[in-house]
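# Remarks on the overall topology
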Amino acid sequence: MFYQTEKLMPGLTRIWDVAHTATYLVEGEEKAVLIDTGVGVGQLKAVVDRITDKPLTVLLTHGHVDHAMGAAPFDDVRLSPLDKEIYEVHSAFEIRKGYVMGAAMQGADPAAVHAVKDGDYLQPKAFSSFAPLSPGDRFELGGVSVEVLEGTGHTPGSLTMLIPEWRVLLLGDACNQFTFLFDSFASPLESYRRMLLGLKEKTEGRYDRVLVSHGMGEGGVGMIDSVIAVCDEIFAGQADNLPFQNPMGSGLIAKAMDFSRFCRADGGEGNIIYNPQRMR
């Protein structure tokens, strides 16, 4: 009831949770990796177990409520130590429930959201039980691998991941159509732009498909370049700068959005919601 699966290609499955956050299951010949665990409502592990019986490692792109709260049933879970504080803040039940209830206004199925009971929320896993995860880590699964790359900005420990054999780049929340970069945990815009330049250098020419964690789950192959260009427009004083507010805080939407299609009004790929007080 709380999960839907979507086969993207042999060995790669996208799993949508009740809040319409995407997690990705990558299967090799010998092992499997689950990238992110969603909001932690219902039995994600049972869904994964129906798809694969291979030894599984869970890689969390960052510690936010909608990505890391379903980790408890899994044994081998990795997360950047830099996201310890944000993970523990977002583990609070009130934050988790508030996020899920608000998801009905952000693309999630309202009937499924309103069917969630308090008992459906998993207990969050203790941060001390996570193994560390860092850029440069690589997981060999048998015929396919997952390479961990930098993604800092959205959170201090945000990571991106490349599946080089399949030429797939998972940008998650680190760089997408509506990148959150405005709360107190996010990087200043200048250092975020610097991270994107490094990520572009490491990945250029190595992927043909971009996956993200929200919306339709798909991003354009020019996403990194597009978001770098948005950073440049902000610094040049050429952004649209529309006001934005949600429970995480307030900021400015750099480029005007068409929310009926959840994309930029000018047809561009990437966007940023940023804090004008934290530019450098």
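Cut-offs used in this document
- Residues numbered from 1 in each chain as written.
- Predicted model: local features only at pLDDT ≥ 70, side-chain atom pairs only at ≥ 80, totals over all residues.
- Heavy atoms only, no water.
- Helix = DSSP H or I, 4+ residues; strand = E, 2+ residues; numbered from the N terminus.
- Contact = heavy atoms within 4.5 Å.
- Pairing = 2+ DSSP bridges.
- Polar contact = N/O pair within 3.5 Å; in protein donor to acceptor, adjacent residues only side chain to side chain.
- Buried < 20%, exposed > 50% of the residue type's maximum accessible area, 1.4 Å probe, protein only.
- Arc of directions from axis to C-beta.
- Axes fitted to C-alpha atoms, helices over the stretch in contact; angles between N-to-C directions.
- Parallel < 35°, antiparallel > 145°, perpendicular 65-115°, else oblique.
- Left-handed = near helix turned anticlockwise from the far one by under 90°.
- Nonpolar A, V, L, I, M, F, W, Y, C, P; charged D, E, K, R; others polar.
- Salt bridge = Lys/Arg side-chain N within 4 Å of Asp/Glu carboxyl O.

### Looking at the environment of Ile-163
With respect to the helices and strands, Ile-163 occurs in strand E10 (residues 159-163). Ile-163 sits 18 residues away from Ser-145 along the chain, and the two C-alpha atoms are 5.9 Å apart. Once residues within four sequence positions are removed from consideration, Ile-163 is found in contact with Leu-12, Val-26, Val-144, Ser-145, Val-146, Val-168 and Leu-170.

### Section: the sheet that holds strand E7 (residues 131-132)
An order of E1-E2-E3-E4-E5-E6-E7 is seen for the 7 strands of this open sheet, with the pairing classed as mixed. Two strands lie at the open edges of the sheet, namely strand E1 (4-9) and E7, each paired on one side alone. Sheet topology places E1 next to strand E2 (residues 12-16); 5 bridges connect them, and they run antiparallel. What sits directly across from Met-9, in E2, is Leu-12.

### Here we look at the side chain of Glu-147
Residue position: Glu-147 is located in strand E9 (residues 145-150). Separated by 2.8 Å, the side chains of Glu-147 and Arg-206 make a polar contact. Each residue touching Glu-147, except ones within four places of it in the same chain, is listed here: Asp-137, Arg-138, Thr-160, Met-161, Leu-162, Pro-164 and Arg-206.

### Brief notes about helix H4 (residues 93-102)
For H4, the set of buried residues is Arg-96, Val-100 and Gly-102. In an axial view of H4, the angular spread of the buried residues amounts to 170°, which keeps them on one side of the axis. Buried residues in H4 make contact with helix H2 (65-68), helix H3 (84-90) and helix H5 (110-114).

### Points about the packing of helix H6 (residues 189-203) against helix H7 (residues 223-235)
Running from N to C, H6 and H7 point in directions that differ by 155°, and their axes come no closer than 10 Å. When the axes of H6 and H7 are compared, the pair comes out roughly antiparallel. Seen along the crossing, H6 lies across H7 with a hand that is left-handed. Judged by residue contacts, Leu-189, Glu-190, Tyr-192, Arg-193, Leu-196, Leu-197, Leu-199, Lys-200 and Thr-203 of H6 engage Ile-224, Asp-225, Val-227, Ile-228, Cys-231, Asp-232, Ile-234 and Phe-235 from H7. Residue composition of the contact of H6 with H7, by class: 11 nonpolar, 1 polar and 5 charged.

### Here we look at the side chain of Ser-213
Here Ser-213 is to be found in the loop between strand E13 (209-212) and strand E14 (218-219). Excluding residues that lie within four positions of it along the chain, Ser-213 makes contacts with Trp-16, His-20, Thr-21, Ala-22, Asp-36, His-67, Gly-172 and Asp-173.

### Thoughts on the pattern of salt bridges
Oppositely charged side chains are able to pair whenever their charged atoms sit close together. Inspection of the entire model under this criterion finds 20 salt bridges. The salt bridge involving Asp-208 is made with Arg-167; its shortest N-O contact spans 2.5 Å. In this pair, Asp-208 is assigned in the loop between H6 and E13 and Arg-167 in the loop between E10 and strand E11 (168-172), connecting sequence segments 41 residues apart. Between Glu-233 and Lys-255 there is a salt bridge, with the nearest N and O atoms lying 2.8 Å from each other. Placement of Glu-233 in helix H7 and of Lys-255 in the loop between strand E16 (249-253) and strand E17 (257-258) is noted, with a sequence separation of 22 residues between them. When its relative accessible area of 21% is taken as the criterion, Glu-233 is described as partly exposed. The buried category is assigned to Lys-255, whose relative accessible area is 8%. The structure contains a network of salt bridges with shared partners spanning Arg-138, Glu-140, Glu-147, Glu-165 and Arg-206.

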